[in-house]
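Each chain is listed here by its residues.
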Amino acid sequence: VMGAGDDSYARGKFVEDLNSYGIYRKGEVYIDPATREVLGTQALAIGSANVKSFEKDLARLTVANVRQEVRVGDRLLPTEDRATNATFYPSSPDVDVKGGIIAVEEGETQIGKYSVVMINRGEREGLKVGNVLAINRRGETVVDRFEGGRIKLPDERAGLLMVFHTFKKMSFGLVLEADRPLSVGDVIVNP
């Protein structure tokens, strides 16, 4: 376990003129609930490290700053500017969208207004930053007391979200409205 100021060694492909790397730990693996396709893996930012020297695929590093302790097995990635533009132009998607909420930021279980959620639709499905989607709460399956068996009640409109960051297979959205409690598995569709 290491902290800020500690020296360490790492193996891998290092860029000759790059002196600073982000330290990341593997987080949640996002899987599409319908197709079972892996949509992506969360990279948890742990801190950063500066390269003191390297030879071939071995580098000597100094841990510059940390949010959590650095562990053996954490990964180094070149730092990149991933700033989110603060200006959004809300719009309807150009294509029909039907997907679902697959996770909530930082593993929370309650979803409400201003929650950040992950959805299983992205750039390949035509989503763009600023697209607004309706959130439908999944209808429950109940016992049909007249005909017997079970019946699924219809989905009900429960809120709105706006996409603020897209990836190839998934996107991040901000819940703008929530008329009732939302949960992972709720459906997203065109407004």
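One structure accompanies this document, and this report is about it. Please read these numbers as outputs of a predicted model, since none were measured by experiment.

1. Topic: a nonpolar patch on the surface
The grouping of Val29, Ile31 and Val38 at the surface amounts to a nonpolar patch, some 200 Å² of accessible area in total. By relative accessible area, which is 33% here, Val29 ends up partly exposed.

2. Remarks on the side chain of Asn131
Note on placement: Asn131 falls in the loop between strand S7 (116-119) and strand S8 (132-137). On the accessibility criterion, Asn131 (3% relative accessible area) is buried. At 3.0 Å, the side chain of Asn131 forms a polar contact with the side chain of Ser91. Side-chain polar atoms of Asn131 contact the backbone nitrogen of Lys128, separated by 2.8 Å. Every residue in contact with Asn131, bar those within four places of it in the chain, is listed here: Ser91, Ser92, Pro93, Gly126, Leu161, Met162 and Val163.

3. Here's the deal with the sheet that holds strand S11 (residues 156-166)
Taken together, six strands build a closed barrel; the order of strands is S6-S7-S12-S11-S8-S13 and the barrel is antiparallel. On average, adjacent strands in this sheet sit at an angle of 45 degrees to one another, irrespective of strand direction. For strand S6 (residues 98-104) and strand S13 (residues 187-189), the ladder comprises three bridges, and the chain directions are antiparallel. Looking across to S13, one finds that Gly100 is bridged to Val187.

4. Overview of the nonpolar core
In globular proteins that are soluble, nonpolar side chains generally tend to be buried together. Core analysis: the largest hydrophobic core is formed by 15 residues, its most contacted members being Ile119, Leu133, Leu161 and Ile188. Listed by contribution, the elements that provide at least two residues to this core are S6, S7, S8 and S11. It is S11 that provides the largest number of residues to this core, a total of three residues. Once you skip the residues sitting within four places of it in the chain, Leu161 turns out to touch Val117, Ile119, Asn131, Val132, Leu133, Ile135, Gly173, Leu174, Val175, Leu176 and Ile188.

5. Comments concerning the sheet that holds strand S2 (residues 20-31)
As summarised here, the arrangement of the five strands in space is S1-S4-S3-S2-S5, forming an open sheet in which the pairing is antiparallel. In this open sheet, the two edge strands, each paired with only one partner strand, are strand S1 (7-11) and strand S5 (75-78). The average angle at which neighbouring strand axes cross in this sheet is 50 degrees, direction not considered. Where S2 meets S5, four bridges bridge the pair, whose relative direction is antiparallel. Across the sheet, the residue bridging to Tyr21 is Pro78, located in S5.

6. Some remarks on the environment of Glu147
Within the fold, Glu147 resides in the loop between strand S9 (141-143) and strand S10 (150-152). Its relative accessible area of 71% is what places Glu147 among the exposed residues. Between the C-alpha atom of Glu147 and that of Phe54, which follows or precedes it by 93 residues, the distance is 73 Å.

7. Focus on the packing of aromatic side chains
Evaluated as defined, the whole model comprises four aromatic pairs. Between Phe14 and Tyr21, the aromatic rings sit 5.6 Å apart at their centres with planes inclined by 85 degrees, giving edge-to-face as the arrangement. Of the two residues, Phe14 and Tyr21, both sit in the buried class. With centroids separated by 5.4 Å and ring planes inclined at 75 degrees, the aromatic side chains of Phe167 and Phe172 adopt a geometry described as edge-to-face. Accessibility expressed as a relative area gives 31% for Phe167, which makes it partly exposed. Here the aromatic residues Phe14, Tyr21 and Phe54 are joined through ring pairs into a cluster of three or more.

Calculation criteria
- Residues numbered from 1 in each chain as written.
- Predicted model: local features only at pLDDT ≥ 70, side-chain atom pairs only at ≥ 80, totals over all residues.
- Heavy atoms only, no water.
- Patch = residues over 30% accessible without salt bridge, like charges linked within 9 Å, V, L, I, M, F, W, Y side chains within 5 Å.
- Areas by Shrake-Rupley, 256 points an atom, 1.4 Å probe, with all protein chains shown as cover.
- Salt bridge = Lys/Arg side-chain N within 4 Å of Asp/Glu carboxyl O.
- Buried < 20%, exposed > 50% of the residue type's maximum accessible area, 1.4 Å probe, protein only.
- Helix = DSSP H or I, 4+ residues; strand = E, 2+ residues; numbered from the N terminus.
- Polar contact = N/O pair within 3.5 Å; in protein donor to acceptor, adjacent residues only side chain to side chain.
- Contact = heavy atoms within 4.5 Å.
- Pairing = 2+ DSSP bridges.
- Axes fitted to C-alpha atoms, helices over the stretch in contact; angles between N-to-C directions.
- Core = buried A, V, L, I, M, F, W, Y, C linked by side-chain atoms within 4.5 Å.
- Phe/Tyr/Trp six-rings, centres within 6.5 Å; stacked < 30°, edge-to-face > 60°.

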